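Structure assessment
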Amino acid sequence: MRICTLLWTILWIVWLLAWLRTKATRERVPFGSRLAYGIPVVTAFFLLFNDNIRFGWFEVPIFPHNLALEAVAVTLAAAGIAFAIWARFYLGQNWSSAVSIKVDHQLIRTGPYAWVRHPIYSGFLIAMAGTALARREPRGLLAFALLWLAFWIKSRMEEKFMRKTFGAEYEEYSRSTGGLVPKLRF
């Protein structure tokens, strides 16, 4: 769990530094809409990283201590965080923490965006799964479920903005890629 916490800390430092270089916002969803996904995100991270939660059953390990399981957990967390950072830098100045359209916004369809439309969320979910596995407690499962719910809500809002902004180009893009999970192509 300590390694996973360190990995998340690195991610937040990278995120903060990258946040300094973003385009101006042209349009953003209202504050109330941001709460719809923001509250589950904050709650998920609070549940997973707060060691002072004392709800009895929240603390009961689901899995016994196991070195192989810990290795898988750290690998998932590292892979998810690396994927999210790659996607964040690939998105560049178009990124925003809130659902928004930037001035001179571009539709990115290459790199990790060739596989999924929301690779940052995919990376966060993979990292959260690894961290929940490292935590080994029921609250890890709840935290993962809350984060998935938040990103499902947020991605739906983003899809509306992208369709409004990019029209047919975004429709074609969404048919050829998955949202959070890559589409299987046969």
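The structure presented is a predicted model; accordingly, all values stated were derived computationally and were not measured. (Residues numbered from 1 in each chain as written. Predicted model: local features only at pLDDT ≥ 70, side-chain atom pairs only at ≥ 80, totals over all residues. Heavy atoms only, no water.)

Next up on the list: the layout of surface pockets. Reported here for the largest pocket is a volume of approximately 820 Å³. Lining the largest pocket are 35 residues, and of these Trp95, Ser96, Ser97, Tyr121 and Lys154 sit closest to its centre. Those elements that provide at least two residues to the lining of the largest pocket are α1 (2-19), α2 (31-49), α4 (119-135), α5 (138-166) and α6 (168-176). Across the lining of the largest pocket, the residue classes break down as 24 nonpolar, eight polar and three charged. (1 Å grid on protein atoms, 1.4 Å probe; cavity = no way out; pocket = protein on both sides within 12 Å on 5 of 7 lines; lining within 4 Å. Points joined across faces, edges and corners; volume = space filled by probe spheres on them. Helix = DSSP H or I, 4+ residues; strand = E, 2+ residues; numbered from the N terminus. Nonpolar A, V, L, I, M, F, W, Y, C, P; charged D, E, K, R; others polar.)

What follows concerns the packing of aromatic side chains. A ring pair, where both rings are aromatic, is described by two values, the distance of the centres and the angle of the planes. Enumeration over the complete set of coordinates arrives at 17 aromatic pairs. Where phenylalanine 124 meets phenylalanine 151, the ring centres are 6.0 Å apart and the plane angle is 70 degrees; that geometry is what we call edge-to-face. Residue phenylalanine 124 is located in helix α4, and its partner phenylalanine 151 is located in helix α5; the two are separated by 27 residues in the primary sequence. Phenylalanine 124 sits in the buried class, given a relative accessible area of 6%. Residue classification places phenylalanine 151 among the buried residues on the basis of a relative accessible area of 6%. Through successive ring pairs, a cluster of aromatic residues spans Trp8, Trp12, Trp15, Phe45, Phe49, Trp95, Tyr121, Phe124 and Phe151. The ring of phenylalanine 161 carries lysine 164 above its face, with NZ or CZ at 5.3 Å from the centroid. (Phe/Tyr/Trp six-rings, centres within 6.5 Å; stacked < 30°, edge-to-face > 60°. Buried < 20%, exposed > 50% of the residue type's maximum accessible area, 1.4 Å probe, protein only. Lys NZ or Arg CZ within 6 Å of the ring centre and 35° of its normal.)

Between its first and last C-alpha atoms helix α3 (residues 67-91) spans 36 Å; for 25 residues at 1.5 Å apiece the expected length is 36 Å, and the two agree. Taken residue by residue, α3 has Ala73, Ala77, Gly80, Ile81, Phe83, Ala84, Ile85, Ala87, Arg88 and Leu91 as its buried positions. Where α3 starts, the residue carrying a side-chain oxygen 2.7 Å from the main-chain nitrogen of alanine 68 turns out to be asparagine 66. Positive phi appears at glycine 92, one or two residues downstream of α3, with a value of about 65 degrees. (Expected span 1.5 Å × (residues − 1). Polar contact = N/O pair within 3.5 Å; in protein donor to acceptor, adjacent residues only side chain to side chain.)

Moving on: α6. Since the α-helix advances by 3.6 residues per turn, residues separated by three or four positions end up pointing in the same direction. Where α6 is concerned, the buried positions are Tyr170, Tyr173 and Ser174. Buried residues along α6 cover an arc of 95 degrees about the axis, so they all sit on one side. Across from the buried face of α6, at angles greater than 90 degrees, the exposed residues are Ala168 and Arg175. Against the buried residues of α6 lie α5. (Arc of directions from axis to C-beta. Contact = heavy atoms within 4.5 Å.)

Turning our attention to the packing of α1 against α4. Taken N-terminus to C-terminus, the directions of α1 and α4 make an angle of 155 degrees; their axes are 10 Å apart at the nearest point. Taken together, the axis directions place α1 and α4 in an arrangement best described as roughly antiparallel. Two packed elements cross with a definite hand, and for α1 against α4 that hand is left-handed. Of the residues in α4, those touching α1 at Cys4, Trp8, Leu11, Trp12 and Trp15 are Ile120, Phe124, Ala127, Met128, Gly130, Thr131 and Ala134. (Axes fitted to C-alpha atoms, helices over the stretch in contact; angles between N-to-C directions. Parallel < 35°, antiparallel > 145°, perpendicular 65-115°, else oblique. Left-handed = near helix turned anticlockwise from the far one by under 90°.)

Glancing now at the nonpolar core. In this structure, Ile120 and Phe124 are the most contacted members of the largest nonpolar core, which totals 49 residues. Where this core is concerned, the elements lending two or more residues are α1, α2, α3, α4, α5 and α6. (Core = buried A, V, L, I, M, F, W, Y, C linked by side-chain atoms within 4.5 Å.)

Now for the pattern of salt bridges. For the structure shown, the criterion picks out seven salt bridges. Of the charged contacts in the structure, one is a salt bridge between glutamate 159 and arginine 163, with a shortest N-O distance of 3.2 Å. Linking glutamate 159 with arginine 163, this pair stays in helix α5, spanning four residues, or about one helical turn. Assessed through its relative accessible area of 5%, glutamate 159 is described here as buried. Members of the salt-bridge network, linked through shared partners, are Arg117, Glu159, Arg163 and Glu171. (Salt bridge = Lys/Arg side-chain N within 4 Å of Asp/Glu carboxyl O.)

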